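# Observations on the model geometry
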Amino acid sequence: IGPDVIDIRKLYAQTGKFTYDPGFLSTASCNSTITYIDGDKGELLYRGYPIEQLAVNCDYLETCYLLLYGELPNEAEKAKFNETVMHHTMVNEQMQFFLRGFRRDAHPMAVMTGLVSALSAFYHDSTDVHNPEHREISAIRLIAKMPTLVAMAYKYTIGQPFIYPQNDLSYAGNFMRMMFATPCEPYKPNEVLVRAMDRIFTLHADHEQNASTSTVRLCGSSGTNPFAAIAAGVACLWGPAHGGANEACLNMLNDIQANGGVGKIGEFIKQVKDKNSGVKLMGFGHRVYKNYDPRAKLMRETCYEVLNELGLQNDPLFELAMKLEKIALEDEYFVARKLYPNVDFYSGIVQRAIGIPVPLFTAIFALARTVGWIAQLNEMIGDPEYKIGRPRQLFVGAPARNVKPIGER
Ligand code: ACO
């Protein structure tokens, strides 16, 4: 395929040999035109546009349009897309009865995997992944309804009534209102905070073939319906090595704070370096970025803006995070392994400052990543070379043997 890339399928056809590559460290599973990452340069492009330019010049729905259709919208296209998405923000009233079946203290990601998958039970007109019209309408529905579902999951855990969407607001503004308004008190929008939320969405919108996106592709490759494929992505994202890192990072900061704060960082870092401890510095490291995560730089800026806006510059948890960042960036262990803060190191701090409860962080990531998952699923289904995903294995178990009668085992 290229100077550094071997088409292993040809090799397999000629020799019957296949590769052994746990964790897909050196295996490309597809061609893609959506997102480009250069891990060494710390570069991230959506459809060719640098993330730094998109974060500053475009809102999340423009980014969604770009990821889905390949180009940024003009004004008329943007207005039409916004209207279409916002028109679909409500969920079927039956969904609340499904939600009410969960324990109030259920983790929001447990609830979200159920709710997203359940959407396929409501929209029979958009479950055929091979039908482009079905794919189009399911994409709009998923993008539109994710904020409503996340806000409903939150309101349910705190025992407040659900707040219905208000479609004349911005995408992020509507989400914040559904989260924070009550029937007794309207949500007073704060532009800085709404913009920060929109930026969180934009920075998390896609990230090529990460674990959850690969899960969506693999799940969708069987021809399952788009809602089910996206629900698989939500489930995969939940893990602490992936989308759950922002929650795990905040929990880690809280733990250090509760056990002595800044003065205990040295001890904590010692634990992280001890391979037997199993302790990792959450929010640090990335499979692809071995220089820096460009999203982290943008999220760090947002972090300062939000904390200034809320007068939280001296927030002890933020001070702790900054101290940890400084030590880790100078420490030989982290430098040698090219471990830098990733986007989730800062996004958790921003969300906490905005008032988002920690267990909801990953659900917000799922909301934002939904468009990326859909764009990748659509790209795969539209690819003439697309086949059901079916990795091989290197079998290392018992050789063939005979079953003994139970009395002889
Ligand atoms: N803290 C301490 N040591 C680490 C960390 C960390 N966060 N991350 C990697 N290392 C060490 C490993 O122990 C390994 O050390 P060794 O060479 O001495 O054995 C070395 O750095 C290389 O790490 P790998 O595990 O090989 O890196 P990999 O690419 O497989 O993992 C991952 C990447 C999963 C992101 C990892 O860095 C990690 O677990 N980070 C913390 C969780 C996190 O923040 N995830 C968010 C990812 S971004 C996102 O999903 C939006």
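What you see is a predicted model, and the numbers here were worked out from it, not measured in a lab. (Residues numbered from 1 in each chain as written. Predicted model: local features only at pLDDT ≥ 70, side-chain atom pairs only at ≥ 80, totals over all residues. Heavy atoms only, no water.)

### A few points about the pattern of salt bridges
Our working rule: The salt bridge criterion pairs a side-chain nitrogen of Lys or Arg with a carboxyl oxygen of Asp or Glu, the two atoms within 4 Å. Going along the chain from the N terminus, every DSSP run of H or I of four or more residues is numbered as a helix, and every run of E of two or more is numbered as a strand. Relative accessible area decides the class of each residue, using a 1.4 Å probe on protein chains only: under 20% of the type maximum gives buried, over 50% gives exposed, and in between gives partly exposed.
Summed over the entire model, instances satisfying the criterion amount to 16 salt bridges. Ionic pairing is found between Glu301 and Arg199, a salt bridge with its closest N-O pair at 3.4 Å. One end of the pair, Glu301, is in helix H14 (residues 294-309); the other, Arg199, is in helix H9 (residues 191-203), and 102 residues separate them in sequence. For Asp315, the salt bridge is made with Arg352, and the minimal N-O distance between the two is 2.9 Å. You can see Asp315 sitting in the loop between H14 and helix H15 (316-330) and its partner Arg352 sitting in helix H17 (residues 343-354), a full 37 residues away along the chain. You can call Asp315 buried: its relative accessible area is 12%. What makes Arg352 partly exposed here is its relative accessible area of 33%. If you follow the salt bridges from partner to partner, you end up with Asp7, Arg9 and Glu385 in one network.

### A short note on the packing of helix H6 (residues 108-118) against helix H7 (residues 132-158)
Filter applied, for reference: Angles here are taken between N-to-C directions and fall from 0 to 180 degrees, while the axes themselves are lines fitted to C-alpha atoms, restricted in helices to the stretch in contact. Convention used here: angles under 35 degrees read as roughly parallel, angles over 145 as roughly antiparallel, angles from 65 to 115 as roughly perpendicular, and any remaining angle as oblique. Working rule for handedness: look at the near helix, and if it is turned counterclockwise from the far one by less than a right angle, call the crossing left-handed; if clockwise, right-handed. In this description, contact between two residues means that some pair of their heavy atoms is separated by no more than 4.5 Å. In this count, Pro and Cys sit with the nonpolar residues alongside Ala, Val, Leu, Ile, Met, Phe, Trp and Tyr, while Asp, Glu, Lys and Arg are called charged and the others, Gly among them, polar.
Interhelical geometry of H6 versus H7 gives an angle of 140 degrees and a closest axis separation of 10 Å. By the angle between their axes, H6 is oblique relative to H7. Considering the relative orientation of H6 and H7, their crossing is right-handed. Listed contacts from H7 to Val111, Met112, Leu115 and Val116 of H6 are Leu142, Met146, Leu149, Val150 and Ala153. The class makeup of the residues in the contact of H6 with H7 is nine nonpolar, no polar and no charged.

### Looking at the site of the ligand
Counted only if it meets this: One heavy atom within 4 Å of a molecule or strand is enough for the residue carrying it to be called near that molecule or strand. Polar contacts here mean pairs of N or O atoms no more than 3.5 Å apart (in protein, one a potential hydrogen donor and the other a potential acceptor; neighbouring residues in sequence count only if both atoms are side-chain atoms). Under the convention used here, a 1.4 Å probe and the Shrake-Rupley method define accessible areas, while residue burial counts only the protein chains that appear.
Taken together, 22 residues lie near the ligand, and Lys275, Lys280, Leu281, Phe284 and Arg287 sit nearest. One of the side-chain N or O atoms of His242 is found 3.1 Å from an oxygen atom in the ligand. Note that an oxygen atom of the ligand is positioned 2.9 Å from one of the backbone N or O atoms of Gly283. Notes on the ligand: free accessible area 920 Å², of which the protein chains cover 74%. Split by residue class, the shell around the ligand holds 10 nonpolar, five polar and seven charged.

### Re H6
Among the 11 residues that make up H6, nine are buried, leaving the element largely enclosed by the rest of the structure. Elements that come into contact with the buried residues of H6 comprise helix H5 (95-99), H7, helix H11 (226-237) and helix H18 (361-382).

### Here's the deal with unusual backbone geometry
Backbone phi values are negative for most residues with the exception of glycine, while trans is the configuration of most peptide bonds. You will see that Arg47, though not glycine, has its phi angle at about 50 degrees, which is positive. Of note in this structure, Lys338 is not a glycine but carries a positive phi near 55 degrees. Within the element layout of this structure, Lys338 appears in the loop between helix H16 (332-336) and H17.

### Things to note about the confidence of the model for the protein
Quick reminder of the rule: Confidence scores labelled pLDDT are given residue by residue by the predictor and lie between 0 and 100.
A residue-level look at the protein finds 100% of positions with pLDDT of 70 or above and a mean pLDDT of 94. Interface confidence for the predicted complex, expressed as ipTM, amounts to 0.94; the pTM equals 0.92.

### Comments concerning a nonpolar patch on the surface
Rule in force here: Two joining distances apply to patches: 9 Å for like charges and 5 Å for nonpolar side chains (Val, Leu, Ile, Met, Phe, Trp, Tyr), and every residue must have over 30% relative accessible area and no salt bridge.
On the surface, Tyr12, Phe18, Tyr20, Leu394 and Val396 cluster together to form a nonpolar patch covering roughly 570 Å² of accessible area. Relative to the elements of secondary structure, Tyr12 occurs in helix H1 (residues 8-15).

### Observations concerning the sheet that holds strand S3 (residues 49-50)
The cut-off we apply is this: Between any two strands, pairing holds if DSSP finds at least two bridges.
The antiparallel open sheet is built from three strands, whose spatial order is S1-S2-S3. Strand pairing shows two members of the sheet lacking a second neighbour, strand S1 (35-38) and S3, which therefore form its edges. Relative to S3, strand S2 (residues 43-46) runs antiparallel, the two sharing two bridges. Note on S3: the bridge partner recorded for Tyr46 is Tyr49.

### Details of the environment of Gly223
Of note, Gly223 is situated in the loop between helix H10 (211-220) and H11. The spatial distance from the C-alpha of Gly223 to the C-alpha of Val129 is 6.3 Å, given a sequence separation of 94 residues.

### What about the pairing of S2?
In the sheet, S1 pairs with S2 via four bridges, with the strands oriented antiparallel. Each bridged residue has a counterpart across the sheet, and for Ile37 the counterpart in S2 is Leu44. Taken together, S1 and the strand that follows it, S2, pair antiparallel across an intervening segment of four residues, in which Gly42 is found at a positive phi of about 70 degrees. From the end of S2 to the start of S3, which pair antiparallel, there are two residues, and Arg47 there has a positive phi angle of about 50 degrees.

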